[in-house]
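What the coordinates show
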Amino acid sequence: MYTNFQEQAVRLNGTVDWMYKNYKEKQVSSVFETTGGTVFIGSNNAVYKSANNGKTWKYVPVGGWVTKMVESNGVLLAASSHGILKSTDDGESWVRVISEEVAGNSVEHIDGGFAVIAHSIITKPDKGYISLDNGKTWNDVGTGLPSSWSFKNIFGSQPQYISSLKQAGKYLICASSDGVFRSPDMGKT
């Protein structure tokens, strides 16, 4: 994933102009290039896919916006307004992998799989999930996070928000509204 959209455009074709000539969607929320060279653009209601450096684009409906994508062992994962989406066929089709009503905030690659943050539409707080089998099964890792007494004392019973869930060496690191936490066992404790 590239942090700057124009930097990505230049990397693909040496100029920013290719995007304006070849890609017709007006909103771009993410750009991702797989290890095989396929480029994906997350937009307001679909994913667009190009296997030829942006000369042509294929519209792949996903039913909502896509903000971030990652890849691991041929599996693509995307954070979307309809939750966490997974593709095992190079982005031709996408399925929702977390069953509760959530909007995807973030997806990250970790050893053996993925870490995601999803905002529950029903219960409101963010939840962290990890999959160590390339997205087949998911474990909630946010429920074991300790709550900060001072945060609750100052702000009342606010829901806990998870802003980052990443792997650093052998640890899973979680940044939340109650502090930064480290887990040596991929979120079990």
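The present account deals with the structure reproduced in this document. (Residues numbered from 1 in each chain as written. Predicted model: local features only at pLDDT ≥ 70, side-chain atom pairs only at ≥ 80, totals over all residues. Heavy atoms only, no water.)

**Here we look at unusual backbone geometry**
The phi dihedral of D90 is positive, around 60°, even though this residue is not glycine. The topology assignment puts D90 in the loop between β7 (83–87) and β8 (95–96). Although it is not a glycine, N134 adopts a positive phi angle of roughly 55°. (Helix = DSSP H or I, 4+ residues; strand = E, 2+ residues; numbered from the N terminus.)

**Remarks on the sheet that holds strand β6 (residues 75–80)**
The sheet built from 4 strands is open, its strands ordered β5-β6-β7-β8 with antiparallel pairing. The open sheet has two edge strands with one neighbour each: β5 (66–72) and β8. For β6 and β7, the ladder comprises 5 bridges, and the chain directions are antiparallel. Counterpart to L76 in the pairing with β7 is S87. (Pairing = 2+ DSSP bridges.)

**Digging into the pattern of salt bridges**
Per the counting criterion, the structure on display carries 5 salt bridges. Among the salt bridges present, the one from E92 reaches K49, with a minimum N-O distance of 2.6 Å. Of this pair, E92 sits in the loop between β7 and β8 while K49 sits in strand β3 (residues 46–50), and the two are 43 residues apart along the sequence. You can call K49 buried: its relative accessible area is 10%. (Salt bridge = Lys/Arg side-chain N within 4 Å of Asp/Glu carboxyl O. Buried < 20%, exposed > 50% of the residue type's maximum accessible area, 1.4 Å probe, protein only.)

**Overview of the pairing of strand β9 (residues 102–110)**
Counting buried residues in β9 gives 7 out of 9 residues, a clear majority hidden from the surface. Pairing of β9 with strand β10 (residues 113–120), which is carried by 8 bridges, proceeds in the antiparallel orientation. By the bridge assignment, H109 is partnered in β10 with F114. Connecting β9 to the antiparallel partner β10 that follows it, the hairpin turn spans 2 residues, and G112 within it adopts a positive phi of roughly 85°.

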